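# Structural characterization, general
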Amino acid sequence: MKCLKIKAYQETACYKKPYAFKVAETYPLPPYSTIKGLIHYILNAKKFYDMAISVQGSYESLIENYQTFRFFKIENNEITKMPLNVHLLYNVNLLIHIYTHDDLMHQIYERLISFSEVLSLGRKEDLLKISKIKFVEFSEFNTSEKSYDLKYSAYIPSIYELSSVDSGTIKYRLNYRYEISNTGIRNWVEKIDVYYVQSNVTLYEETIYKDEEDDAIFFHKKVEEVKNSGYDLR
């Protein structure tokens, strides 16, 4: 099987946690909804396209800054402004794998290499530089037969059995897909439970995916589920 492999860099990034109101805390890696949102944006998509996403990466340090945020109050339809302490990741390197239907993957590839606007991920000012993008073969890999040391920190969804990972890993419930209500509010209807596992952890009792360049892949949903999903590029 083939998937799209993307290596990218950001000088700074804030992947803001949705319920961080007093301080703009950031996730250590972009959540699935952020990456899915970028892909739908470059496709100029008018509807939802399903895909399996794997997110890994690293950052050099965490810094702090102040930024003015605007808040919309539903009860009185007012917009207020407030300065917030923003957590920023510095020198971010990302490794992203995307699997979906072949022609959709090829369209994503073409749009990413020829997109006329500057790309960003997280905030608008968090510019994204793609250093490598290519199609790679991937297959299942059983770490019971040969252990695997994580090269990058990663979101590992709970669909993978992490019996060999230390209990000190951080658990998140990440947004993926939303539906818009009659009042125009986004309701998140698909959330993914993940473990944030840091690099150099050894996996030795799990079945994972691995690509032809020996990089692990942790898709947030089963490949078969995406393969069987209906879609239309029109």
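Residues numbered from 1 in each chain as written. Predicted model: local features only at pLDDT ≥ 70, side-chain atom pairs only at ≥ 80, totals over all residues. Heavy atoms only, no water.

Here we take up the packing of aromatic side chains. Per the stated rule, a full pass over the model turns up 15 aromatic pairs. Ring geometry for F138 versus F219: centroids 5.5 Å apart, planes at 75 degrees, classification edge-to-face. Here the residue F138 occupies a position in strand 5 (residues 129–142), and F219 occupies one in the loop between strand 12 (216–217) and helix 3 (223–227), the gap between them amounting to 81 residues. Both residues of the pair, F138 and F219, count as buried. Between the aromatic rings of Y155 and Y172, the centroid separation amounts to 6.3 Å while the plane-to-plane angle is 80 degrees, which identifies the pairing as edge-to-face. Of the two residues, Y155 sits in strand 7 (residues 153–157) while Y172 sits in strand 8 (residues 170–180), which places them 17 residues apart along the sequence. Each of the two residues, Y155 as well as Y172, counts as buried. Every member of this aromatic cluster is reached through a ring pair, and the members are Y27, Y32, Y155, Y172 and Y196. Residue placement shows K210 over the ring face of F141; its charged tip is 3.8 Å from the ring centre. (Phe/Tyr/Trp six-rings, centres within 6.5 Å; stacked < 30°, edge-to-face > 60°. Helix = DSSP H or I, 4+ residues; strand = E, 2+ residues; numbered from the N terminus. Buried < 20%, exposed > 50% of the residue type's maximum accessible area, 1.4 Å probe, protein only. Lys NZ or Arg CZ within 6 Å of the ring centre and 35° of its normal.)

All right, on to the nonpolar core then. Ranked by size, the top nonpolar core spans 59 residues in total, and within it Y32, Y99, Y155, F218 and F219 carry the most contacts. When residues of this core are assigned to their parent elements, the largest contribution, six residues, is made by strand 4 (residues 78–99). Those residues in contact with F218, other than ones at most four positions away along the chain, are I53, S54, Q56, L150, A154, Y155, I156, P157, Y160, L203 and I208. (Core = buried A, V, L, I, M, F, W, Y, C linked by side-chain atoms within 4.5 Å. Contact = heavy atoms within 4.5 Å.)

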